Amino acid sequence: MTTWLRRVWHLLNRRRHERELAREMAAHRAMMGDPDRFGDPYRLIERSRDAWGWQWLDDATQDFRLGWRGIRRSPGFAVTAMVILTAGIGLNLTFFQLASVTVLRPRPVASPDTLVWLYRQGPRERSSGAPYAAARFVREHNTVLSAVLMQTGAQVAWNDSDWVIDAQFVSANWFKELGYDAFLGRVFSEAADGRDAGGDPPAVVSYDFWKTVLGGDPSAVGRTVRIDRRPVVIVGIARPDFPEIELDDTAVWLPLDRHAFFYPTAGFPHVVMLGRLRDGTTLAAARESLRATMDALSRERPGLIAAGTWLEPISGRDNFLPPDLRVQIWIMISLMATLMMVVLIVASANLGNLVLSRATGRARELGVRVALGARRSRIVRQLLVETLPLGLLGTLGAVLFAWAAAAMIRSAAQLPPYLDLSPDWRTLLASMALATVAMAVVAAIPSWKVARQDLGAAIKDGGHQVSMRLDASLVRRLLVAAQVTGCCVMLIVAGLVARRAQRTLDTRLGFEFDRVAAVWAPLDRFGIAGAAARDYWDGMKTRLADRSDVEAMALVTAPPLGFMVNRTGYQDAPGLKVLWQRVDPSYFAVMRIPILRGRTFAAADGAEASVVISRRVALAMYGTLDVVGRGFPLTAPSQVIVGVAGDAHTILVNATDVGELYRPLRLDDHTAATLLVRSRSDPAGLLPWLRAAGGADPRAIAMTRLLRDDFARRTAPARLVSVIVGATGVLTLALASLGVFGVVSCAAVLRTREIGIHRALGAPAAAVLRLITARLLWPFGLGMATGLIAAAAAGALMAGEPFYLQPIDPGVYAAALALVGAAGAAAATLPAARVLRADPLRALRHE
Amino acid sequence: MLILQVVRQQPLHGYAIAQRIRQLSSDALSVEEGSLYPALQKALAQGWLKAEWTTSESGREVRSYRLTARGLKQLDAERDEYQRRADGIAAILAPVKPS
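Residues numbered from 1 in each chain as written. Chains lettered and ligands numbered in written order. Predicted model: local features only at pLDDT ≥ 70, side-chain atom pairs only at ≥ 80, totals over all residues. Heavy atoms only, no water.

All names here are of chain A. Summarising burial for strand E1 (residues 115-121): 7 of the 7 residues are buried, a large majority. Neither face of E1 is left uncovered, since the one carrying Leu115, Trp117, Tyr119 and Gln121 and the one carrying Val116, Leu118 and Arg120 both have all their residues buried. Relative to strand E11 (residues 270-277), E1 runs antiparallel, the two being bridged by 3 bridges. The partner of Trp117 across the bridge, within E11, is Leu274. Sheet topology note: the E1/strand E12 (residues 310-315) ladder contains 6 bridges and is antiparallel. Residue pairing in the sheet places Leu118 in a bridge with Pro313 of E12. (Buried < 20%, exposed > 50% of the residue type's maximum accessible area, 1.4 Å probe, protein only. Helix = DSSP H or I, 4+ residues; strand = E, 2+ residues; numbered from the N terminus. Pairing = 2+ DSSP bridges.)

So this is what it looks like as structure tokens:
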């Protein structure tokens, strides 16, 4: 048995051992001639205890109990402290959870280390997808992958309705390679669902879809349903936790090999390609081997992929994120984490001050301990351990907070079920680390400060001098400054984010979407192209033109508030992103975009000869709006400007650096166009007619939606973010106000007597008020100044994607500073005023 | 060292250890109870001694301490160390021969 084990054994059996020792000593005394010479057995037992080296544990237990009793004695302080810690740590924890689940932790797939996403990379561009034929070639001609997985998304019509659901066409090995079987029924298998399988194609539906749409009915397995007007058999329900590589919310999976069954004339789409590395294959080896495969492919089928293209394998361990994207995400996460840490620091500084206030009141008690021979280190240890129960309660509260916040975020953001936000051991570990950081500020600083005082002197005057000195200490002021700094940073950033959300939500967007409905038909998927596509839309327009509530209609290639982005740039307008799209002449009328100069397109305009540009583009490129008739672009013109339209960021609603370029529709554009219909009344009334008009042509399925729903969906994240950031800002302000309130209260109580003398001698209230609050002025000023600088830096860092903050916004800065100042003044004046109201004579007698 | 040495020959209880030390040193050394018990506990913690309850010659229940193998090693080490020091001190104190 080693010495250490023996000591633990002793600790576990200590009661028995000490009883034996007492018995032994009693026997010893009985044998002695003069038992009084033996000494105090209790002291001997205590000294014997030291021999086993557990004294520190006894002290700690004692201090812990003392701390616990202290908490129970003053529940007000305990609740305040717990709320502060819970909020500070809990907020950080929630953020840590979100970051961990969405980007830091690998998706829960089987062996993420050997699963790679194959990005198609050329000298200039990178694409997440590749032509299906290329993926098949790689599958058949590589030596480094044991399996190739493919997936391509599509929006499909469910059961012949015009209700659109998200589908994924996947290779037959998709489920098996990701390591998941079915919740009910079966998933796809290469044997049953390969290329040569006949009959109606199989479908696997998601657990959510099964629960909500199919009513959770087990007999749904085996049922025949219709997808994009084709029959499919539901063969299985996916497991509720089945993860999605691209964070989608898929309703139904279909076999990619049967794509032609649905769309016989469409040709195969682009697919996302994943690979399972063979045992022992490194990423570099896979890259080189696949480069040879791709070279062979480009020689064999020159039109399919460009020469020099390679496949870049990105591991599942890196969440399938290429290095540059990873860096971007890390920057974003670090930035947010820093802001959250600011909240924690404010909370801790606040609590540290509270603890210091309490210690101030205990100077006499501590003085007695010092007089009895306690060493300074012992006092520090005592004060540290005493705050431990607080830390534990705070950690517990924070985990509960994170758990509740996760539930709230899940329901508010409608996260897919495979993103498991509930706290796990990582969360617990993180919360303990955070609590340690917090407690270092909360407990260590005050303990150190208190122990450095001349506590022996505290016995003489009841600790008043020591208390006063502590109250006036620099640390206390710096803690206040830290709180004010954090508060300013949070409020300014919150203000900037709110301003940005306001810009997004602003109804003066330069266009009107409220009364517009959109009809979309993926004609290309059904093999309708060219003149046939134009006829399809002409037929639709004719059917709708008779209705009195239809005001105007226009086809467009990139519908407003959608996700289709065609971006370009011109050297004549540096720094400006030009979003271009092709539109019907009536587009400007439908979207209520004013034509500032010239006219919209006319039938005579050649599709490649004329353009309409937005105001921003005109000013950036020509410096004037009077550009009708001039060539476009400025240098090396190839088109003629026929009109200048008002600024209308229909696609990137909140972007600050974009302009628009409109071109006439070509014949080929009709196959992937969207029809916008402006109603004279509520467009929801139009939807049944639009559906009917779409259903009249059996060759394709038309889907309808309202632009205002798109708008709500587009702006939901911005609203959510501004609510969260705003709430955090208010929380920080409340914390800081509480801190100032506490400090001034404490000072006011300590100096009650002094104030009484001042008042009795006839000092005006204002002078006394100044006396109490003067000490807080410079910490406040310092806090505001550093807060301003820090916030400006944070704002500058968040100016780009995806935050798009405007870092220089004097209104926001002024408002935040005014708010902090007002809150601080109120928090300082309230306790001071209470003392002032009191009777001066009573104040004099106060001890 | 003294405690370890006196229990080397035979297991002894606390009172007997104090007595034996006094006796062997002809009353020159006496061990105070105040230091005896903490020292015994330290020796127990280090594993130099083992304690067990026995009945003494006078019929009293007492706790006897017995030297362990580890304790023996410690004793030897301490004795060597003591010897070295004593030799050193003796060399310094040796009467200086007149030159």
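Quick look at the nonpolar core now. All names here are of chain A. With 76 residues, the main nonpolar core has Val740 and Val820 as its most contacted residues. Ranked by residues supplied to this core, first place goes to helix H12 (residues 323-361) with 13 residues. Not counting chain neighbours up to four residues away, the residues in contact with Val820 comprise Val484, Cys487, Cys488, Leu491, Leu733, Phe780 and Met784. Counting residues in hydrophobic clusters, the runner-up holds 73 residues, among them Ala135, Ile227, Val519 and Leu706. (Core = buried A, V, L, I, M, F, W, Y, C linked by side-chain atoms within 4.5 Å. Contact = heavy atoms within 4.5 Å.)

Take the interface of chain B and chain A next. If you look at the interface, chain B gives 22 residues, while chain A gives 21 residues. Overall, the association of chain B and chain A removes approximately 2,100 Å² of surface from exposure, summing both partners, and the carbon and sulfur fraction of that is 55%. Put simply, chain B and chain A have 3 salt bridges between them. In this structure, Glu24 of chain A and Arg63 of chain B form a salt bridge, with 3.1 Å as the shortest nitrogen-oxygen distance. Where chain B packs against chain A, one counts 9 residue pairs in polar contact (both at pLDDT 80 or more). Counting residues per element, the ones that place at least two in the side of chain B that touches chain A are helix H2 (14-24), helix H3 (33-46) and strand E3 (61-67) of chain B. (Buried area = accessible area lost by both parts, 1.4 Å probe. Salt bridge = Lys/Arg side-chain N within 4 Å of Asp/Glu carboxyl O. Polar contact = N/O pair within 3.5 Å; in protein donor to acceptor, adjacent residues only side chain to side chain.)

Moving on: the packing of aromatic side chains. Residues and elements named next belong to chain A. Applying the stated rule across the entire model yields 25 aromatic pairs over all chains. Taking 5.3 Å as the distance between ring centres and 85° as the angle between the ring planes, the aromatic pair formed by Phe242 and Trp253 counts as edge-to-face. Note that Phe242 is positioned in the loop between strand E9 (230-238) and strand E10 (252-255) and Trp253 in strand E10, a separation of 11 residues in sequence. The same class applies to Phe242 as to Trp253, namely buried. Between Phe513 and Phe711 the ring centres are 4.4 Å apart and the planes differ by 25°, which places this aromatic pair in the stacked class. Within this pair, whereas Phe513 is found in the loop between helix H19 (474-505) and strand E13 (516-520), its partner Phe711 is found in helix H24 (residues 707-750), the two being separated by 198 residues in sequence. (Phe/Tyr/Trp six-rings, centres within 6.5 Å; stacked < 30°, edge-to-face > 60°.)

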